[in-house]
Amino acid sequence: MDSSSPPPLPCFHGYGRRWLVLLGVLVPMVLVSLVLFAVESKSSAFWFSSYSLSSPPVHGGDMSGEEVLEHHRGVGAQSHFNHSGHASHASPPPAAAPSPAPEPVSPLPLLLLPSSFLSTYIAPLLVRNNGTVEAIPSPRRARRRDTKLERLEVGLMRARAAIKEAFRNHSNVSPLFDKDYVPQGPSYRDAYAFHRSYLEMEKLFKVYVYEEGEPPLFHDGPCRSIYSSEGRFIHGIDMDTWFRTRDPDLAHVFFLPFSVVKMVKLIYKPKSFDISPITRTIADYISVIAERYPYWNRSLGADHFMLSCHDWGPHASEAHSHLYGDSIRVLCNANTSEGFDPRKDVSLPEINLKTDVMADMMGGPSASRRPVLAFFAGGDHGPVRPLLLQAWKGRDPSVQVHEYLPRGVSYYAMMRRSRFCLCPSGYEVASPRVVEAIYLGCVPVTISHRYVLPFSDVLNWKAFSVQVSPEDIPDLKRILTAISPRQYIRMQRRVRMVRRHFEVNSPPRRFDVFHMILHSVWLRRLNVRLLRHE
């Protein structure tokens with residue numbers, strides 16, 4: 001070889017060639033990941049800095065709607081039971097559960113979505129420091145599974161961007177096409193953004209239902225009782241083929257299919273006021289799924305949800321500190337003074353179904369054919385109802401308040417004859433009368449403290465209902481008569497419009513109560529991003 005010629009280029013053989021290929025693949029992947037992360041972080045910062053963000057309205061709160069919630073996970077609770085299984089003596093929450101937060105406040109301009117573009121980063125082994133969350137690197141064997149998680153998060157990122165765009169441009173665009181229903185009007189906080197979010201949910205959202213557990217404590221629930229919301233959803237998601245996935249790697253959320261109502265009926269000892277058999281059962285169930293699957297430990301339960309309509313649902317969630325503090329809890333007893341956090345928890349409507357035939361519960365006359373101003377009939381229990389009965393029972397024929405209806409008088413017929421239906425809290429904040437009033441075209445008047453109304457991250461309850469503080473019960477007639485006939489007609493029309501969101505269908509139909517519950521869970525899942533830092 002000529003000594004003046006340049007030396008030959010080195011040849012890569014064996015492991016050297018493999019390293020070259022590996023670098024050629026890994027470097028672009030890392031760069032793409034960094035770009036996606038930067039874009040998502042920028043989007044998050046934009047949302048939080050551009051809008052006044054808060055949580056769904058809390059009925060009976062004493063803070064103004066202009067105040068903004070601090071973003072955190074979980075609030076404290078106390079367990080209360082009396083001789084009928086309701087509030088009386090307190091027992092402390094688990095030591096691991098966070099302490100009580102300041103009382104939540106009022107409205108947010110759209111959905112629950114904006115409050116989370118602050119975004120929470122959660123990974124398998126977490127170290128929390130000054131409000132930030134960092135991850136300990138995971139083992140190599142988990143990395144292939146994380147690629148699927150990253151794909152899920154990219155899909156959610158695109159959905160967030162689409163909903164954000166809808167929120168920003170809602171006043172400049174025509175309503176989205178939909179063959180079944182197009183949300184419009186003041187009954188919604190932002191009808192266009194809600195519709196976009198709902199369509200994104202239908203396109204993307206997947207739920208994995210853990211198959212562990214046997215009926216009746218699991219995969220079962222009451223379908224004909226005051227707790228029917230619990231059983232109907234459990235049955236509906238078990239039978240669903242659109243949102244439910246059999247592949248957990250494709251799931252955005254994971255459902256824990258236990259029934260607190262069934263546990264109270266079957267493993268709770270009556271009058272013992274000891275719910276430890278229930279909490280042990282739930283804790284054992286979580287231990288089983290955490291051992292068999294990686295998903296609970298991956299997120300510390302933040303992408304898991306439970307659902308309960310029993311008064312003890314919040315107390316049952318104290319079975320596990322992460323179930324209480326991090327998971328999405330779908331609860332009828334949506335009482336912020338007992339630990340309900342509207343930024344991560346979902347208010348479940350309480351629906352009292354006695355039969356599958358709902359024709360008798362639906363529809364009612366126009367305002368001109370409703371001679372009674374306001375109506376209530378119900379037992380004298382809890383902190384609010386005694387005030388109502390004391391102030392109005394037998395006092396005024398236009399405000400008909402009864403503890404027991406006279407013989408031969410139909411409860412539903414009275415609701416159909418009334419313009420306003422009074423819905424005071426009982427032992428707990430929720431009341432099935434809210435949904436009954438909506439079914440029958442009667443404008444609901446909720447009377448409670450610290451109650452987060454169902455779907456209030458989407459629905460504008462002030463447009464079709466009246467909220468009254470218990471302290472204002474003596475002024476009920478003045479408050480209701482101050483609503484003009486024209487305004488009442490508008491409110492009643494909106495009640496009829498939102499009724500579809502509370503209807504129970506078998507099988508479920510688009511925009512009904514089953515899908516609205518799922519949409520509420522979907523919004524909370526959008527509030528969390530799961531990233532594994534290698």
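Rules behind the numbers
- Every chain is numbered independently, its residues counted from 1 as its sequence is written.
- Totals for whole chains, interfaces and linings use all residues, but because this is a predicted model, local features are given only for residues with pLDDT of at least 70 and pairs of side-chain atoms are given and counted only at 80 or more.
- The basis for every side-chain value is the complete set of non-hydrogen atoms in the structure, without hydrogens or water.
- Whenever Lys or Arg places a side-chain nitrogen within 4 Å of a carboxyl oxygen from Asp or Glu, that contact is recorded as a salt bridge.
- The helix count covers DSSP runs of H or I at least four residues long, the strand count covers runs of E at least two residues long, and both are numbered beginning at the N terminus.
- Classification of residues uses two cut-offs on accessible area relative to the type maximum, computed with a 1.4 Å probe and protein chains only: under 20% is buried, over 50% is exposed, and between them is partly exposed.
- Cysteine sulfurs are considered disulfide-paired once they come within 2.5 Å of each other.
- Two strands make a pair as long as DSSP finds a minimum of two bridges between them.
- Note on method: axes are straight lines fitted to C-alpha atoms, helices fitted across the in-contact stretch only, with angles between N-to-C directions ranging 0 to 180 degrees.
- Note on contacts: a residue pair qualifies if any of its non-hydrogen atoms lie within 4.5 Å across the two residues.
- Here, expected helix span is obtained from the residue count minus one, scaled by 1.5 Å.
- Classification of ring pairs rests on two measures: the distance between centres of Phe, Tyr or Trp rings, Trp counted by its six-membered ring, which must be within 6.5 Å, and the angle between planes, read as stacked under 30 degrees, edge-to-face over 60 and tilted in between.
- Our definition puts a charge over a ring when NZ of Lys or CZ of Arg is within 6 Å of the ring centre and also within 35 degrees of the ring normal.
- pLDDT measures how confident the predictor is about each residue, on a scale from 0 to 100.
- We call two N or O atoms a polar contact when they sit within 3.5 Å, provided that within protein one can donate a hydrogen and the other can accept it, with sequence-adjacent residues counted only if both atoms are side-chain atoms.
- Nonpolar cores were defined as sets of buried Ala, Val, Leu, Ile, Met, Phe, Trp, Tyr and Cys residues, with membership established by side-chain atoms within 4.5 Å.

Undergrad: Would you mind going over the pattern of salt bridges with me for this structure?
TA: Opposite charge on two side chains permits pairing when their charged atoms draw close. Counted according to the given criterion, the structure contains 22 salt bridges. Its salt-bridge partner being Arg244, residue Glu211 comes within 4.0 Å of it at the nearest N-O pair. Here Glu211, found in the loop between β6 (207–209) and α4 (228–239), pairs with Arg244, found in the loop between α4 and β7 (253–255); they are 33 residues apart in sequence, far enough to count as distant. The exposure class of Glu211 is partly exposed, given its relative accessible area of 45%. For Arg244, a relative accessible area of 10% corresponds to the buried category. Across the pair Arg298 and Asp303 runs a salt bridge whose closest N-O atoms are separated by 3.4 Å. Given a relative accessible area of 7%, Arg298 falls into the buried group. When its relative accessible area of 1% is taken as the criterion, Asp303 is described as buried. If you follow the salt bridges from partner to partner, you end up with Asp178, Lys179, Asp180, Glu202 and Arg510 in one network.

Undergrad: So what exactly am I meant to see when it comes to the state of the cysteines here?
TA: Put plainly, two cysteines are in a disulfide when a covalent bond ties their sulfur atoms together. All told, the structure shown has two disulfides when counted by the stated rule. The residue that forms a disulfide with Cys309 is Cys332, at a sulfur-sulfur distance of 2.0 Å. An S-S torsion of about -90 degrees defines the bridge between Cys309 and Cys332 as left-handed. Taken together, the positions of Cys309 in the loop between β8 (304–308) and α8 (313–316) and Cys332 in the loop between β9 (328–331) and β10 (346–347) put the pair 23 residues apart, joining distant regions of the chain. There is no split in this pair, since Cys309 and Cys332 are both buried. Each sulfur of the disulfide joining Cys421 and Cys442 lies 2.1 Å from the other. The disulfide joining Cys421 to Cys442 has a torsion of about 115 degrees about its S-S bond and is therefore right-handed. Separated by 21 residues along the polypeptide, Cys421 in strand β13 (residues 418–424) and Cys442 in the loop between α12 (433–439) and β14 (443–447) bring together distant segments of the chain. Across the pair, Cys442 and Cys421 agree in class, each one buried. Once the bonded cysteines of the chain are numbered in order along the sequence, the disulfide links fall as 1-2, 3-4.

Undergrad: I would appreciate a short explanation of the sheet that holds strand β11 (residues 372–377) in the present structure.
TA: Each strand in a sheet pairs with another by means of backbone hydrogen bonds, the pair being arranged parallel or else antiparallel. Across the sheet, five strands lie side by side as β12-β11-β13-β14-β15; this open sheet has parallel pairing. Two strands close off the open sheet at either side, each with one partner strand: β12 (399–402) and β15 (466–468). If you compare each strand with its neighbour and ignore which way they point, the axes differ by 20 degrees on average. Bridge analysis of β13 against β14 gives five bridges, and the strand direction is parallel. For Phe420, the partnering residue across the bridge sits in β14 and is Val443. Where helix α10 (residues 385–392) meets the sheet, its contacts fall on β11, β12 and β13, and the angle it forms with β12 comes to roughly 125 degrees.

Undergrad: It is not clear to me how α4 should be interpreted in this structure. Could you clarify?
TA: Since there are 3.6 residues in each turn of an α-helix, residues three or four apart along the chain are aligned in direction. The end-to-end C-alpha separation of α4 is 16 Å, in line with the 16 Å expected for 12 residues at 1.5 Å each. Counting buried residues along α4, 10 of its 12 residues qualify, which places the element largely inside the surrounding structure. Within α4, the full set of buried residues consists of Ser228, Ser229, Glu230, Gly231, Arg232, Phe233, Ile234, Gly236, Ile237 and Asp238. At its buried positions, α4 is contacted by β6, β7, α5 (260–266), β8 and α15 (513–526).

Undergrad: Sorry if this is basic, but what is going on with the packing of aromatic side chains here?
TA: Under the definition given, this model contains 25 aromatic pairs. Each ring, one from Tyr293 and one from Tyr295, has its centre 6.3 Å from the other, and the planes form 35 degrees; the classification is tilted. It is Lys206 that lies over the ring of Trp242; its NZ or CZ is 6.0 Å from the centre. A cation sits over an aromatic face here: Arg500 above Tyr181, 3.9 Å from the ring centre.

Undergrad: Looking at this structure, I do not really get unusual backbone geometry. What am I missing?
TA: Note: most residues except glycine have negative phi, and most peptide bonds are trans. Here the residue pair Pro215 and Pro216 is connected by a cis peptide bond, since its omega of 10 degrees sits within 30 degrees of zero. With an omega of 0 degrees, the peptide bond running from Ser506 to Pro507 counts as cis. Within the fold, Pro507 resides in the loop between α14 (485–498) and α15. One non-glycine residue, Leu300, lies in positive phi territory at about 55 degrees. Looking at the secondary structure, you find Leu300 in the loop between α7 (295–299) and β8. Positive phi values are uncommon outside glycine, yet Phe455 reaches one of about 60 degrees. Within the fold, Phe455 resides in the loop between β14 and β15.

Undergrad: Whenever I open this one, the side chain of Lys262 confuses me. Can you help?
TA: Within the secondary structure, Lys262 is located in helix α5. Those residues in contact with Lys262 that sit more than four places away from it in its chain are Pro216, Leu217, Asp220, Gly221, Pro222 and Ile267.

Undergrad: Would you mind showing me how to read the confidence of the model for the chain here?
TA: Detailed reading of predicted coordinates is not advised where the pLDDT is low. With 72% of its residues at a pLDDT of 70 or more, the chain has an overall mean of 80. Low pLDDT (under 50) marks residues 1–22, which in the prediction has two contacts with non-local residues, meaning those over four places away or in another chain. Here residues 39–54 is a poorly scored stretch, pLDDT under 50, and it has 39 contacts once near neighbours within four places are set aside; other chains count.

Undergrad: For this particular structure, what's the right way to read the side chain of His219?
TA: Here His219 lies in the loop between β6 and α4. A distance of 3.3 Å separates a polar side-chain atom of His219 from the backbone oxygen of Glu212. Not counting the four nearest positions on each side in its chain, His219 is found in contact with Val209, Tyr210, Glu211, Glu212, Gly213, Ile234, Asp238 and Pro257.

Undergrad: Explanation requested: the nonpolar core in the structure shown.
TA: Across soluble globular proteins, nonpolar side chains show a tendency to be buried alongside one another. Of all hydrophobic cores here, the largest spans 123 residues; its most connected members are Phe420 and Tyr439. Here this core takes nine residues from α15, the largest share from any one element. Among all residues touching Phe420, those that are not within four sequence positions of it are Leu373, Ala374, Phe375, Cys442, Val443, Val445, Val466, Leu480, Ile483 and Tyr488. Counting five residues, the second largest nonpolar core, distinct from the first, contains Phe167, Leu176, Tyr192 and Ala193.

Undergrad: Looking at this structure, I do not really get the pairing of β8. What am I missing?
TA: Along any regular strand the residues' side chains alternate between the sheet's two faces. Across the five residues of β8, five count as buried, placing the element largely inside the fold. Where β7 and β8 come together, two bridges link them in parallel fashion. Within β8, the residue paired with Phe255 across the bridge is Phe305.

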